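# Survey of secondary and tertiary structure
Letter by letter, the chains look like this.
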Amino acid sequence: MAEEEAKPLTYIPETILKKRKNNEQWALRKKEQLEQRKFANKKNKSEYIKKPEEFVKEYRYREVDLARMKHRMKRKRTELATPESKLLLVIRIQGKNDMHPTVRKTLYDLKLRRVFSAVFVKVNAAIIEKLQKVEPYVTYGYPNLKNVKELIFKKGYAKIDKQRVPLTDNNMIEQALGKHGILCIEDIVHEIANVGPHFKEVTHFLWPLELNKPEGGLKGLKKVFKEGGESGNREHLINELIDKMN
């Protein structure tokens, strides 16, 4: 019986191995820092006792927020009725204690749990309705191909077993999305940029993007962008903000 020929080992460049190792170490450090902050915040909250007037103030803010949301829902929105692109990038820019629970729930439905988190969405009636509800707390627009690619390569993470995992291994992508013909990061970029037939599966696989605070900060106004504020639809000008936050 002839001996089987030994198959050559797959060669992986040293630079890629170092990059993977650095990404994994960075993810572990970030997770540890997050856990420490959560513990410190929990301890501080348990030691702090709110005054009655603070509860009243928060309640009033939230009721005003609810009334404004209902008013926005009555307005007709024409700019997204015939969108220039099916793809939107939605970035959360504000929102803490002054939000009504209904508004907060909508932000959570959009997977925007943190300020400066961002998600890709497909324009449809349900998304337009959600954006109306949370308009003072988000800004959105049409990302170009360059920014879609850079965001996924720089800020892209997978959601595996409810954990945030760096996109450093195409095997991981193939295992999760291979049945849809998506085998690597380039395929993910293509599917999102073109709002392909498996857009929903790809965005569900991705963890929400965590962007940097823009240099110089934001104005902090809840006015819409077209009126000199920061929130709402920026259309193609969203790409200028992405450049500052990526």
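First, a word on what this report is: a plain description of the structure on this page. Everything quoted here is computed from the prediction, not taken from an experiment. (Residues numbered from 1 in each chain as written. Predicted model: local features only at pLDDT ≥ 70, side-chain atom pairs only at ≥ 80, totals over all residues. Heavy atoms only, no water.)

### Some details on the packing of aromatic side chains
Where we set the bar: Any two rings among Phe, Tyr and Trp, with Trp reduced to its six-membered ring, count as a pair given centres within 6.5 Å; such a pair is stacked if its planes are under 30 degrees apart, edge-to-face if over 60, and tilted if neither. The way it works is that DSSP assigns letters per residue, a run of H or I at least four long becomes a helix, a run of E at least two long becomes a strand, and they are numbered from the N terminus. Residue burial is assigned from relative accessible area. The probe radius is 1.4 Å, only protein chains are included, and a residue is buried under 20% of its type maximum, exposed over 50%, and partly exposed in between. Lysine and arginine charges are scored as sitting over a ring when NZ or CZ, respectively, is within 6 Å of the ring centre and within 35 degrees of the ring normal.
Counted by the stated rule, this structure contains one aromatic pair. Consider the rings of Trp26 and Tyr157, whose centres lie 6.3 Å apart with planes at 35 degrees: the pair is tilted. Of the two residues, Trp26 is situated in helix H1 (residues 14–47) and Tyr157 in strand E4 (residues 157–160); the sequence distance between them amounts to 131 residues. The partly exposed category is assigned to Trp26, whose relative accessible area is 35%. Judged by its relative accessible area of 10%, Tyr157 falls in the buried class. Across from the ring centre of Tyr157, 3.7 Å away, lies the NZ or CZ of Arg164, which sits over that ring.

### Remarks on the nonpolar core
The tendency in soluble globular proteins is for nonpolar side chains to be buried side by side. Heads up, the condition is: As used here, the term nonpolar core means buried Ala, Val, Leu, Ile, Met, Phe, Trp, Tyr and Cys residues forming a set that is joined through side-chain atoms within 4.5 Å. Should any heavy atoms of two residues lie within 4.5 Å, those residues are considered in contact.
Membership of the largest hydrophobic core comes to 31 residues, with the highest contact counts inside it found for Ile91, Phe120, Ile152, Leu167, Ile188 and Ile192. Elements represented by at least two residues in this core include exactly strand E1 (87–92), strand E2 (117–122), helix H5 (145–155), helix H6 (170–177), helix H7 (185–193), helix H8 (199–205) and helix H9 (238–245). For Leu167, the contacting residues outside a window of four places in its chain are Ile152, Gly156, Tyr157, Ala158, Met172, Ile173, Ile185, Phe205 and Leu206.

### Considering the sheet that holds E1
Hydrogen bonds along the backbone pair up the strands of a sheet, which may run parallel or antiparallel. Formally: Two strands qualify as a pair provided DSSP detects at least 2 bridges between them.
Sheet architecture is open: five strands sit in the order E6-E2-E1-E3-E7, paired in mixed fashion. Each end of this open sheet is capped by a strand with a single partner; those strands are strand E6 (209–210) and strand E7 (232–235). Note that E2 and E6 share two bridges and pair antiparallel. Considered in E6, the bridge of Ser117 is made with Glu210.

### What to know about the layout of surface pockets
In plain terms, the rule: Only protein atoms enter the 1 Å grid, on which a cavity is a set of points fitting a 1.4 Å probe that cannot get out and a pocket is an open set with protein on both sides within 12 Å along at least 5 of 7 lines, lining residues being those with an atom within 4 Å of a point. Grid points are joined across faces, edges and corners, and a volume is the space filled by probe spheres set on the points. Under the scheme applied here, ten amino acids are nonpolar (Ala, Val, Leu, Ile, Met, Phe, Trp, Tyr, Cys and Pro), four are charged (Asp, Glu, Lys and Arg), and all others, including Gly, are polar.
Taken as a whole, the largest pocket spans an internal volume of roughly 1300 Å³. As for the largest pocket, its lining consists of 31 residues, and the residues nearest its centre are Leu34, Lys38, Arg114, Trp207 and Glu210. Elements with a contribution of two residues or more to the lining of the largest pocket: H1, helix H3 (101–109), E4 and strand E5 (163–166). At eleven residues, H1 tops the list of elements feeding residues into the lining of the largest pocket. Tallied by class, residues from the lining of the largest pocket come to ten nonpolar, four polar and 17 charged.

### Regarding H9
The following threshold applies: Read the arc as the range of directions from the helix axis to the C-beta atoms.
Considered for burial, the residues of H9 that qualify are Ile238, Asn239, Leu241, Ile242 and Met245. Projection of H9 onto a plane perpendicular to its axis shows the buried side chains occupying an angular sector of 155 degrees, all on one side. Among the exposed residues of H9, those oriented more than 90 degrees off its buried face are Glu240 and Lys244. Contact partners of the buried residues in H9: E1, strand E3 (138–141), H5 and E7.

### Points about the packing of H5 against H9
Using the following cut-off: Where helices are involved, their axes are fitted lines through C-alpha atoms of the stretch in contact, as for all axes, and angles between N-to-C directions lie from 0 to 180°. The scheme is simple: roughly parallel for angles under 35 degrees, roughly antiparallel for over 145, roughly perpendicular for 65 to 115, oblique for anything else. Here a crossing is taken to be left-handed if its near helix is turned anticlockwise relative to the far helix by less than a right angle, and right-handed if that turn runs clockwise.
It is at 11 Å that the axes of H5 and H9 come closest, and there the two elements cross at 25 degrees. In terms of orientation, H5 lies roughly parallel with respect to H9. When you trace H5 past H9, the crossing you get is left-handed. Contacts from Lys146, Asn147, Leu151 and Lys155 of H5 reach H9 at Asn239, Ile242, Asp243 and Met245. Of the residues belonging to the contact of H5 with H9, the class tally is three nonpolar, two polar and three charged.

### Topic: the environment of Trp207
As for its position among the elements, Trp207 is in the loop between H8 and E6. The partly exposed category is assigned to Trp207, whose relative accessible area is 24%. Residues Trp207 and Pro166, 41 residues apart in the sequence, show an inter-C-alpha distance of 9.5 Å. The residues touching Trp207, leaving out its near neighbours within four places in the chain, are Tyr157, Ala158, Lys159, Lys162, Gln163 and Arg164.

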